[in-house]
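Close look at the chain arrangement
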Amino acid sequence: MSDERGWDEHGIARRVLADLWEGAYVNLGVGMPVIVNEVIPADMEVVLHSENGTLGMGPPPPEDARDPDLTNAGGGYLTVRPGASVFDSSLSFSMLRGGHLDVAILGAYQVSAEGDLANWKRPGQTTAGIGGAADISVGAKRVWVMMKHQTNDGQARLLKQCTFSLTARGVVKRVYTDMAVIDITPTGLKLVEVAPGYTAADVAAATDAPLAS
Amino acid sequence: MSDERGWDEHGIARRVLADLWEGAYVNLGVGMPVIVNEVIPADMEVVLHSENGTLGMGPPPPEDARDPDLTNAGGGYLTVRPGASVFDSSLSFSMLRGGHLDVAILGAYQVSAEGDLANWKRPGQTTAGIGGAADISVGAKRVWVMMKHQTNDGQARLLKQCTFSLTARGVVKRVYTDMAVIDITPTGLKLVEVAPGYTAADVAAATDAPLAS
Amino acid sequence: MIDKIVGSVREAVAGIADGMTVLIGGFTDVGAPFQLLDGLYETGAKNLTVVANGAGAGERGLAVLVREGRVRKIICSFPTGSVAARDAIARGELELEVTPQGTMTERMRAAGAGLGGVLTPTGLGTELGEGKPVYELDGKAYLVERPIHADFALIRAWKADRWGNVAYRYAQRNFNPVMAMAASCTVVQVDELVDGQGLAPMEVDTPGIFVHRVVRVDRGAA
Amino acid sequence: MIDKIVGSVREAVAGIADGMTVLIGGFTDVGAPFQLLDGLYETGAKNLTVVANGAGAGERGLAVLVREGRVRKIICSFPTGSVAARDAIARGELELEVTPQGTMTERMRAAGAGLGGVLTPTGLGTELGEGKPVYELDGKAYLVERPIHADFALIRAWKADRWGNVAYRYAQRNFNPVMAMAASCTVVQVDELVDGQGLAPMEVDTPGIFVHRVVRVDRGAA
């Protein structure tokens, strides 16, 4: 940890890990969520799903042991772990859309107080890709978002309403940021935990929607 | 062949075989159609599909070599042939409904001049089973029927309109009976071939719909 | 440690209760979970809705449950030859819904895959499509077929490991992989348990995410 | 004798013509049929509609076809990072249809399985669902997603035999098995041909009924 306030990316990942459990089936989105993989203890069986068609694979191999046919959805190399399996996109998305994943941990540009998720397209982008994000977010039992609380120029990402193109409506249940853990409830945002060095007032000031404590 | 007129069941099967070709993917319905399997020459590669999830399997093994996990849809034992494969019902019916089968050869109670097929339920039956017949008959590239030309009490089975519950509408392309081979065309029934010992007039008299020669 | 293996058929079927919907795998006897059905019988659960290819042919498995009046409704494709079902219908105890086999498969797959339904040409314009919504798309009409989701799926396979990964032998697959996807609790009976590293990744037919309990039974007993 | 094996990439892609729809397998580079794409380039076919996960990232395969203006439309889920596509769109040469990955998969599967379409919750109420029909069933709304059928599917696998049976290595599967079902002519490039008895029945991932041509290419060349 640096001496800056709040959690760094690994700190957020460790905070997410504290909410996971042995035996959970989890999909990690590209970007910040994949860091969670780095903090899962070797003796904890969290079963990672990758939408290109793997379940239960292990962390990257040394460079000289890479298998060209064994990667995750981001193209990162994987290793075979006991209990792992491979399958096609049809079965992979049946798992995702069909409610078989316990947790999907996704990155986001914006999240609304109603749980709307915007994580695939910035305004004006012509080749933005949705990938599996829409299917995952409508299907997983729990959708958690990991993101910086604000944009680099200090704009809130937790909003009354998203301004970016939506991935899915009303799906996000919990948000982990450098500043806080926040639940999305039927009555709006609820502060669960404040990162070290911040106060509830700091978090509320950086959030563009009402935040209950 | 007996000295009776027309084709016996094996004769009908041989007549069907004459219209099959090397490399054809074929589903044989229960009843008379499975006899086709007995007349396919050993050196002719006709790939048989069974809706319970096998493709390209061979004829029944000797009794002491039966594999309890290797049967066709009727429960008959099969043998592994080179090039055979197994799969689940989802893929099996994708083959059938998806137009991948070249020919489905089905039994029937009745066939109409418009190609309607009735082959699953007699009037009043409470536990009649449709099985895969409806999916097969809407999906196969060609649906051929093998049946006795008339019922045991002399009623026609080739009719203007079926009176039994339908399996599918407008699907049958050709009918093979003990008396004749008949095509179902956009303008009605057309006589293709008459079995030995019968005349076109005999066939027309045993058919309850106009029959062009 | 993940360990989905249970020590007895009784544990494997625990929780099946009156009024539940149960998927039963197998085509004729192949891939049919006879020991789990014996276990289901022992639970005493009644008023069940069952989805299976047949309606209980022969003298064991589903036939016993139907004969003893434990099944309220069967959704199946091929009830032909089930004396138990014919008699239960005659007694007014059993409701029978006959559905094309491919449609039955797709309906369970839709439930497992999170789809709201599928459009199929099968059954259109026949008794098999009666009462079902029709949807026209690009000039062609289809039946709208609803998902079938179940409380339990009872399936049979060849091998499994503690993660719930499953492999089938030959024609054992049939409805089993799709049923495994469509139930809140999927129970599989297998001939062999694979310990250590478990099944190899490419050997797995039904990944463990779809499987909740595994029990080994003696193949000879089947 | 059934023999779907052809001797060259040129024979494997013969018949792909202007205006056709072509499915291209693979996820990132894994399971992507690069040699078949080189062959497709050599045919000179243009005005193509392509369905693939990406829109041609990097400097080979689909990227070349897009850069050279041979592709009129791409249906894909993840065009991100395709410079070729971004530039072709800017030149007004390329139409891009971005579709959720699971929806893309189901649309091809529907074509291969003879379904008229599927009902999915994915994309509803977002830009991704714009222009698509909505169907309400049992109080819940879904998008109606149409089948995608193609003239050709170009896929990649590990092993195949003369009957067209195919097995994939690890994550090579991805879209390949579904694409194999959805095209009038499915062409597969493999690392290994299995002669004699062919693949064992339980080893087969894509049965030969879905495969029309097989060509072996040197893995080193990929």
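Shown above is the structure to which this text applies.
Throughout what follows, the structure given in this document is the object of discussion. (Residues numbered from 1 in each chain as written. Chains lettered and ligands numbered in written order. Predicted model: local features only at pLDDT ≥ 70, side-chain atom pairs only at ≥ 80, totals over all residues. Heavy atoms only, no water.)

A few words on the packing of aromatic side chains. Pairs of aromatic rings are described using the distance from one ring centre to the other and the angle between the two planes. This model, assessed by the stated rule, comprises seven aromatic pairs over all chains. Between the aromatic rings of A:Y109 and A:F164, the centroid separation amounts to 5.7 Å while the plane-to-plane angle is 65 degrees, which identifies the pairing as edge-to-face. Taken together, the positions of A:Y109 in the loop between strand 5 (103-106) and strand 6 (110-112) and A:F164 in the loop between strand 9 (158-159) and strand 10 (172-176) put the pair 55 residues apart, joining distant regions of the chain. The partly exposed category is assigned to A:F164, whose relative accessible area is 22%. Aromatic side chains D:F27 and D:F175 sit 5.9 Å apart centroid to centroid with 5 degrees between the ring planes, which places their arrangement in the stacked category. Residue D:F27 is found in the loop between strand 1 (21-24) and helix 2 (34-43), and its partner D:F175 is found in the loop between strand 9 (166-167) and helix 6 (176-181); the two are separated by 148 residues along the sequence. Under the relative-accessibility criterion, D:F175 is labelled buried at 0%. One Lys or Arg, C:R169, reaches over the ring of C:W158 and ends 5.9 Å from the middle of that ring. (Phe/Tyr/Trp six-rings, centres within 6.5 Å; stacked < 30°, edge-to-face > 60°. Helix = DSSP H or I, 4+ residues; strand = E, 2+ residues; numbered from the N terminus. Buried < 20%, exposed > 50% of the residue type's maximum accessible area, 1.4 Å probe, protein only. Lys NZ or Arg CZ within 6 Å of the ring centre and 35° of its normal.)

Moving on: the sheet that holds strand 7 (residues 117-118) of chain A. All names here are of chain A. Taking strand neighbours across the sheet as the criterion, the three strands line up as 7-6-9 in an open arrangement whose pairing is mixed. The outermost strands of the open sheet, each flanked by one partner alone, are strand 7 and strand 9. Pairing geometry for strand 6 and strand 7, over two bridges, is antiparallel. Paired with V111 across the two strands is L117, which belongs to strand 7. (Pairing = 2+ DSSP bridges.)

Rotating chain D by 180 degrees about the axis while translating it 0.0 Å along that axis superimposes it on chain C, leaving an RMSD of 0.0 Å. Considering both components of the superposition, the chain copies are consistent with a two-fold axis. Minimal C-alpha distance to the rotation axis in chain D is attained by D:V118, lying at 2.2 Å. (Least-squares fit on C-alpha atoms with pLDDT ≥ 70 in both.)

Between chain D and chain C, the residue contacts involve 24 residues of the former and 24 residues of the latter. Considering only the surface of chain D that becomes buried against chain C, D:L119, D:Y135 and D:M202 emerge as the three largest contributors, covering 26% of it. The interface formed by chain D and chain C includes four salt bridges. Notably, a salt bridge pairs D:D138 with C:R146, separated by 2.6 Å at the nearest N-O pair. Residue contributions to the side of chain D that touches chain C peak at four residues, all from strand 5 (residues 117-120) of chain D. A per-class count over the side of chain D that touches chain C returns 14 nonpolar, four polar and six charged. Here strand 5 (residues 117-120) of chain C pairs with strand 5 of chain D via three bridges, running antiparallel. If you follow C:L119 over to strand 5 of chain D, its bridge partner there is D:G117. (Contact = heavy atoms within 4.5 Å. Buried area = accessible area lost by both parts, 1.4 Å probe. Salt bridge = Lys/Arg side-chain N within 4 Å of Asp/Glu carboxyl O. Nonpolar A, V, L, I, M, F, W, Y, C, P; charged D, E, K, R; others polar.)

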